[in-house]
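Now for the letters of each chain:
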Amino acid sequence: MSRRHTLLGLFVVVIWGANFVVIDTGLESFPPLLFAALRFTFVALPAVFFIGAPGAPWKLVALVGLFQGAGQFGLLFVGMNLGVPPGLASLVLQGQAAFTVLFAYLVLREKPGRIPVTGVLAGVAGLAVIALGSGSSPAGALLVVIAAGACWAAANITTRIAQPDSGFKLTIWSALAAPVPLALLSLVFEGPSRDAHALTHLTWQGIGSLAFTVVLSTIVAFGIWASLLKTYPAARVGSLSLLVPVVGVATAWLVQDEVPTAAEGAGGVLILAGVVAVVRQDAVRALGRRFSRSSPPQQEHQTHDPAARPQSATKG
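Rules used in this analysis
- Residues numbered from 1 in each chain as written.
- Predicted model: local features only at pLDDT ≥ 70, side-chain atom pairs only at ≥ 80, totals over all residues.
- Heavy atoms only, no water.
- Helix = DSSP H or I, 4+ residues; strand = E, 2+ residues; numbered from the N terminus.
- Buried < 20%, exposed > 50% of the residue type's maximum accessible area, 1.4 Å probe, protein only.
- Contact = heavy atoms within 4.5 Å.
- 1 Å grid on protein atoms, 1.4 Å probe; cavity = no way out; pocket = protein on both sides within 12 Å on 5 of 7 lines; lining within 4 Å.
- Points joined across faces, edges and corners; volume = space filled by probe spheres on them.
- Nonpolar A, V, L, I, M, F, W, Y, C, P; charged D, E, K, R; others polar.
- Axes fitted to C-alpha atoms, helices over the stretch in contact; angles between N-to-C directions.
- Parallel < 35°, antiparallel > 145°, perpendicular 65-115°, else oblique.
- Left-handed = near helix turned anticlockwise from the far one by under 90°.
- Arc of directions from axis to C-beta.
- Core = buried A, V, L, I, M, F, W, Y, C linked by side-chain atoms within 4.5 Å.
- pLDDT = per-residue confidence, 0-100.
- Phe/Tyr/Trp six-rings, centres within 6.5 Å; stacked < 30°, edge-to-face > 60°.

### Examining the overall build of the protein
Tallying secondary structure elements over the protein gives 17 helices and 0 strands in all. Each of the 316 residues in the protein was classed as buried or not, and the buried ones make up 45%. Contacts spanning at least 24 positions in sequence make up 90% of the contacts within the protein whose residues lie at least 6 apart.

Structure, rendered in structure tokens:
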């Protein structure tokens, strides 16, 4: 990637990492489901009147919106509201990589290799370590954030099936599917009086948090991300997202003095290692081949059939 595009990618990473603290701040002003409904309302409107169709079946566009808007972010906001701190939420949400591999196998019949399976197992182990050893979050709240990661993975698979012309257009149009179910769920579980109080007692803190999640975290960041995906291989661009929880944890530590426990730190390392294995499996294979080529000559002579060398040379 060029220096300019690398800096743009890192800019997106900083936005998405800091977004967890911003969400936590916004939850002081809005109930979680209402907050999510407002976010996707303003992502879709008025942008849909100026942005062309995404070039994908509308049923799949709506399904992406339900998985991503009502599922991923609705559950993430609820989980954080129930007590999962922003830094830990940014780590646990990365469990989506394991769910993506699993769903790709179940739905698309894509058989993962040994490296992605190892990554999935590492991610699951990390989530288990956090769930069993975390003293800062209720177990139920952690399960809600894990479910948010599963919904993110479902949105990834649906996007893969939909094959849209533009990821940015898909983001805008799919957002239309989220506000109504989120608003109805808010009315049922959070209550009309609580929603009405939040909307009639707006604070600059709440407005700023909503503006950040709508403008910077969604429209600007996803717009840059989609342009990078058009220019470079998905694995190369996607690898930058591994830095999102790093920024999330650092931002939570600087702003809210959130210090991870030993279990959360160990679990986070396992999750990130698993995500690295899934996203960068080609790089892991290349590293393995490079290591095998750097073996001592005597060991190589003992483990390889000399008769095979002329054949490999002929193929080269």
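### A few points about empty space enclosed by the protein
Under the definition given, this model contains 2 cavities of 30 Å³ or more. Counted as a void, the largest cavity has a volume near 70 Å³. Considering the residues around the largest cavity, the lining is formed by Arg39, Phe40, Val43, Gly65, Gln68, Gly69, Phe73, Thr171, Ser174, Ala175, Thr218 and Phe222. Of all the secondary structure elements, the ones that give two or more residues to the lining of the largest cavity are helix H2 (32-44), helix H3 (58-81), helix H8 (167-174) and helix H11 (204-231). Per-element tally for the lining of the largest cavity: the top contributor is H3, with 4 residues. When grouped by side-chain class, the residues that make up the lining of the largest cavity number 5 nonpolar, 6 polar and 1 charged. Of the volumes computed, that of the second largest cavity is approximately 30 Å³.

### With respect to the packing of helix H1 (residues 3-26) against helix H13 (residues 244-256)
Helix-helix packing is described using two parameters, namely the angle between the two axes and the distance between the axes. Two elements in contact, H1 and H13, have axes separated by 8 Å at closest approach and are oriented at 45 degrees. For the element pair H1 / H13, the angle class is oblique. Crossing geometry of H1 relative to H13 is assigned as right-handed. Together, Val13, Val14, Trp16, Gly17, Ala18, Phe20, Val21 and Asp24 of H1 and Val244, Val247, Gly248, Thr251, Ala252, Val255 and Gln256 of H13 make up the contact between the two elements. Residues belonging to the contact of H1 with H13 are distributed by class as follows: 10 nonpolar, 4 polar and 1 charged.

### Structural notes on the layout of surface pockets
Considered as a void within the structure, the second largest pocket measures approximately 210 Å³ in volume. What lines the second largest pocket is a set of 13 residues, and nearest its centre among them are Ala98, Phe99, Leu102, Val120 and Val124. Only helix H5 (96-108) and helix H6 (114-133) provide two or more residues apiece to the lining of the second largest pocket.

### A closer look at helix H9 (residues 179-189)
Pro179, Leu182 and Ser186 are the residues of H9 that are buried. Looking down the long axis of H9, one finds its buried residues gathered within 70 degrees of arc, a one-sided arrangement. When the buried face of H9 is taken as reference, the exposed residues oriented beyond 90 degrees from it are Val180, Leu184 and Val188. Along its buried surface, H9 packs onto H2, H3 and helix H10 (192-200). A positive backbone phi angle near 90 degrees is found at glycine 191, which sits one or two residues after H9.

### Let's talk about the nonpolar core
Counting residues in hydrophobic clusters, the biggest one holds 56 residues, and the most contacted among them are Leu76, Phe77 and Val92. Contacts of leucine 76, omitting those with residues within four sequence positions, involve Phe20, Ile23, Gly71, Ala89, Leu93, Val145 and Ala148. Ranked by size, the runner-up nonpolar core spans 5 residues in total, among them Ala56, Val61, Ala162 and Leu170.

### A short note on the confidence of the model for the protein
On average, residues of the protein score 82 in pLDDT, and 84% of them are at 70 or above. Low pLDDT (under 50) marks residues 299-316, which in the prediction has 3 contacts with non-local residues, meaning those over four places away or in another chain.

### Overview of unusual backbone geometry
Cis geometry marks the peptide bond from leucine 45 to proline 46; its omega dihedral reads 5 degrees. With respect to the secondary-structure elements, proline 46 resides in the loop between H2 and H3. Positive phi outside glycine occurs at glutamine 163, with the angle close to 55 degrees. Tracing the chain through its elements places glutamine 163 in the loop between helix H7 (139-162) and H8. Under the relative-accessibility criterion, glutamine 163 is labelled exposed at 53%.

### With respect to the packing of aromatic side chains
Counted under the stated rule, the structure contains 8 aromatic pairs. Summarising the aromatic geometry, the rings of phenylalanine 30 and phenylalanine 35 are spaced 5.5 Å apart at their centres and angled 25 degrees between planes, so their arrangement reads as stacked. Pair check on accessibility: phenylalanine 30 and phenylalanine 35 agree, each one buried. When the ring of phenylalanine 99 is compared with that of phenylalanine 103, the centres are 5.9 Å apart and the planes differ by 35 degrees; the resulting orientation is tilted.

### Comments concerning the environment of leucine 108
Within the element layout of this structure, leucine 108 appears in helix H5. Judged by relative accessible area, which is 26%, leucine 108 ranks as partly exposed. Sequence separation of leucine 108 and isoleucine 157 is 49 residues, and the distance between their C-alpha atoms is 8.2 Å. Not counting residues up to four positions away in its chain, the partners in contact with leucine 108 are Phe103, Ile157, Arg160 and Ile161.

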